[in-house]
Amino acid sequence: MQVAGIIVAGGRGTRFGGSPKQWRDLNGQSVAAHAAAALAQAGVSPIVFVHHPDDAVHAALIPGVTLTPGGATRAESVRAGLEALEAHAPDAVLIHDAARPCLSSDLVTRVLNGLSQSEAAAPAVAVTDALWRGASTVEGIEPRENLWRAQTPQGFRFAPILAAHRAHSGGALDDVEVARAAGLSVTIVPGDEDNLKVTHPGDLSRAARILENRMDVRTGNGYDVHAFGPGDHVMLCGVRVPHDQGVLAHSDGDVGLHALTDAILGALAQGDIGQHFPPSDPQWKGAASHLFLRHAKSLADKAGFRITHADLTLVCEAPKVGSHATAMRATIAEALDLSPDRVSVKATTSERLGFTGRREGIAALATATLIRP
Ligand code: MG
């Protein structure tokens, strides 16, 4: 089932007093960016992000989404998103509020499971508090049986919800109301108390705590060795270092970048460099190793991880690395989209012991730290 997403961020709600709540900072990204990342991590693609025409600058900062300007009402904005998806003809669509940044993959799975059995499925939390009626004194108590607090993402088969929105006369509070007006049956799936809608200032700190508790921090290590051979330089951490020997290798033999690539793959638990770039494959002959590093970075991006730190140690008697370390750090920082103060390159000899001590080869160790917010 191909599942597309629509994130609705057209609102100008300013109960915060400043900029609309979906653009407020939450642990280093906007509230809306968290909402988009949550759908992307759950495998939803493509994602259309519907924004207020005045908010194009904010919306452009959200990675991995297609931007569409919204309409004057929520329903018009959703309709714009659905029309933008029509050419993709997805099987289903999840429509989510940009102000719900703590959506979990488990909740997306529950909605999709509900949708596999019906035309529409949406999450909700049963009302457990007593319900009173009255302005300043209690004038009555309402029964709470079969009452639910609706959440998003609300999931629909694509063709019926597009038709329902085209036919609706407007004024609906949400897409379930539009679906029901068209006669679609909507299954309720269990919602999540953590899937809060950021509305009041206090909600931001609660959302921050929820996301911090969910943060996935990983480290991976890598190790690589190449033997010295004939030549006049070695490639180390992407820098050409003059030497009275070269290295024997299928690619450019950059032990630093190979070890670091393996460290990132290790943190992702996605195998090793030899599986992704088999030495038997002629296309990698003489390849510049930053290609391997960039591939590992793209896998991290795809899995929703940010690489936050890299630490390398090169082990050799010669060449001397010190005067090249700054250039090496800059090269790695650029490939990983990191600031150079988050990249460390160190070198050591092995006190003339072993293969590195006999100048037969060079080794590298690397550690990478990855965070999924
Ligand atoms: Mg290697």
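Residues numbered from 1 in each chain as written. Predicted model: local features only at pLDDT ≥ 70, side-chain atom pairs only at ≥ 80, totals over all residues. Heavy atoms only, no water.

**Q** Pulling in residues and values, what's your account of unusual backbone geometry?
**A** Put simply, S45 and P46 share a cis peptide bond, and its omega is -5°. A cis amide bond, omega 10°, links T152 with the succeeding residue P153. Topologically, P153 is positioned in the loop between strand 10 (148-150) and strand 11 (154-157). A positive phi is found at N27, a non-glycine position, where the angle reads about 50°. Tracing the chain through its elements places N27 in the loop between strand 2 (25-26) and strand 3 (29-30). Of note in the backbone geometry, R359 takes a positive phi value of approximately 60° without being a glycine. As for its position among the elements, R359 is in the loop between helix 12 (354-357) and strand 19 (361-372). (Helix = DSSP H or I, 4+ residues; strand = E, 2+ residues; numbered from the N terminus.)

**Q** Can you explain the packing of aromatic side chains? Please cite residues and give values.
**A** Tallying each qualifying case throughout the model produces four aromatic pairs. Between F277 and F292, the ring centres sit 4.4 Å apart and the planes meet at 35°, which makes this aromatic pair tilted. One end of the pair, F277, is in the loop between helix 9 (273-276) and helix 10 (290-302); the other, F292, is in helix 10, with 15 residues separating them in the sequence. The two residues F277 and F292 agree in class, both being buried. (Phe/Tyr/Trp six-rings, centres within 6.5 Å; stacked < 30°, edge-to-face > 60°. Buried < 20%, exposed > 50% of the residue type's maximum accessible area, 1.4 Å probe, protein only.)

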